[in-house]
Each structure stands twice: as structure tokens, then as C-alpha cells.
Amino acid sequence: AQTIHQWPVAEIKAVGSPLSLGCTIKGKSSPNLYWYWQATGGTLQQLFYSITVGQVESVVQLNLSASRPKDDQFILSTEKLLLSHSGFYLCAWSRTGENSDYTFGSGTRLLVI
Amino acid sequence: GDSVTQTEGPVTVSESESLIINCTYSATSIAYPNLFWYVRYPGEGLQLLLKVITAGQKGSSRGFEATYNKETTSFHLQKASVQESDSAVYYCALAENSGTYQRFGTGTKLQVVP
């Protein structure tokens, strides 16, 4: 069975500090991977997606970057956090090909102060 | 651009009553979107409830149903008789066929009271 693990579960970070969020998928080779972000009271916004190792496409610009260093790993990062980065970050995976639904991780709650 | 609009919550329903959560979409860049309902139960992660990929078809799961209506661009979620365990946040979403892009509604918090 496939599992998706996100870390950390929660973070409190200072404005201007760096951030790195991780996501690992086990039990599925070559998945499509996604990062989503939800501000408090807001909607889920797709930030990035990746269909293969080393290739990441940006959907929304939020002064964040993403990388896929391994087939089963997806990293979200920034060198300088903004207050507006606070919120809930979700990683998801789907099968390649058409009509696939997403499976989400448990998420990381980030508070920037 | 593409958008999803759903019933603004919170929605409070008494147990055993019927439920409808409205969802309408605009898919300007997707000719034949796939439509989804996801659910987040308290303390749990976001999970798929049901999906429909063909206009005119109905999806169902856990007593919930939704019909993909291309004419009215709607995908309303319905249940004939809700239970307390249905209390959760429900998200409507649309996606392109390739699956690399999925847009969500704002979510509707449902509270079922005894």
C-alpha cells in the first residue's frame, strides 16, 4: 500500500528565516507530486507539481520553490519567510495518466511570526 | 480562469435530515474537467469522497451522491439522511484529464447535530 508522509507536522518560524518542508511517498514508483497551500480561512491553492525527478512546474508564485531530488521525495522551501506564508501546506500524489484522483498527506501547519 | 464555488459554511443539519452542498464550476481552460468531492474529517487528512469524469454520470460513496451536470456546470453533493459521523469539511474540485492541475473550492464545514 502507498503511504505519504509529510514533515514537520507544525512549525513556528520567524519572518526572514529559511523554511524546508518535506514529503515522501512510499509504495508507488514515478508518481505525480503536488504541493498545495491553504491560508487560514482560504481555499486550497496548488503551488507546484512534478511529473518526474528533477522537474518541477510552478502554478502559483508565492516566493517559494520546490524540488524533487528523488522519485519519492518532494521538498518545498524558501530562503526568506514572509508573514503571508503562514497557513497549511499539503503534499499530494497521483498516478500518472488520465483521470487520477489525489491522495493527500496529513499536512504541515506553518505560523510565521 | 477556472474556478469552483461551493456553499459557504458552516452548515448545520439535524441527524437523519437530508443535505445538499452546492458546487458550481467554471472551466474556461479545461474542455472536459473531472469533478471531485473530497472530505476532511476532524483530526484526519483530506481524502477523496467521490469523483466523476464523464458529464451526465453520477458518483456515489458512503451514502453521498453527486451528478456531473455540464449544462448547469454543477456538481452538487447530496445525502438523503446524514449522520453525526458525516460532520466534516467538504471540498469540491475540478481537474484536467491529465491530472496535473486540480482546483478546489473554499470548502464547506458541515456540522450534524443530534
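Residues numbered from 1 in each chain as written. Chains lettered and ligands numbered in written order. Predicted model: local features only at pLDDT ≥ 70, side-chain atom pairs only at ≥ 80, totals over all residues. Heavy atoms only, no water.

## Some details on the overall build of chain B
What chain B contains, in helices and strands, is zero helices and 12 strands. The N-to-C order of helical and strand elements in chain B reads β-β-β-β-β-β-β-β-β-β-β-β. In terms of overall dimensions, chain B is globule-like: its C-alpha atoms have a radius of gyration of 14 Å, near the 13 Å expected for 114 residues. For chain B, the C-alpha atoms occupy an extent of roughly 45 × 25 × 20 Å along the three principal directions. The proportion of buried residues among the 114 residues of chain B is 46%. In chain B, the share of contacts with a sequence separation of at least 24, taken over all contacts with a separation of at least 6, comes to 56%. Counting only carbon and sulfur atoms, one obtains 46% of the accessible surface of chain B, whose full area is about 5,200 Å². Within chain B, the 10 negative side-chain charges are centred at a point lying 6 Å from the centre of the 8 positive side-chain charges. (Helix = DSSP H or I, 4+ residues; strand = E, 2+ residues; numbered from the N terminus. Rg over C-alpha atoms; globule rule 2.2 N^0.38 Å. Buried < 20%, exposed > 50% of the residue type's maximum accessible area, 1.4 Å probe, protein only. Contact = heavy atoms within 4.5 Å. Areas by Shrake-Rupley, 256 points an atom, 1.4 Å probe, with all protein chains shown as cover. Lys, Arg positive; Asp, Glu negative; His and termini not counted. Charge placed at Lys NZ, Arg CZ, Asp CG, Glu CD.)

## Points about the state of the cysteines
Residues and elements named next belong to chain A. Overall, the coordinates contain two disulfides over all chains when judged by the stated rule. Across the disulfide, Cys-23 is cross-linked to Cys-91 (sulfur-sulfur distance 1.9 Å). Linking Cys-23 and Cys-91, the disulfide has an S-S dihedral of approximately -75 degrees and is accordingly described as left-handed. Within this pair, whereas Cys-23 is found in strand β3 (residues 19-26), its partner Cys-91 is found in strand β9 (residues 87-94), the two being separated by 68 residues in sequence. We classify Cys-23 as buried; its relative accessible area is 0%. Its relative accessible area of 0% is what places Cys-91 among the buried residues. (Disulfide = S-S within 2.5 Å.)

## Let's talk about the packing of aromatic side chains
Tallying each qualifying case throughout the model produces 13 aromatic pairs over all chains. Judged by centre distance (6.1 Å) and plane angle (25 degrees), the ring pair of Trp-35 of chain A and Phe-74 of chain A falls under stacked. Here Trp-35 of chain A is found in strand β4 (residues 32-38), whereas its partner Phe-74 of chain A is found in strand β8 (residues 73-78), with 39 residues between them in sequence. The same class applies to Trp-35 of chain A as to Phe-74 of chain A, namely buried. Three or more aromatic residues link up through ring pairs in this structure, and these residues are Tyr-34, Tyr-36, Tyr-102 and Phe-104 of chain A together with Phe-36, Tyr-38, Tyr-91 and Phe-104 of chain B. (Phe/Tyr/Trp six-rings, centres within 6.5 Å; stacked < 30°, edge-to-face > 60°.)

Everything listed here is a matter of coordinates, which is why it stays silent on function.
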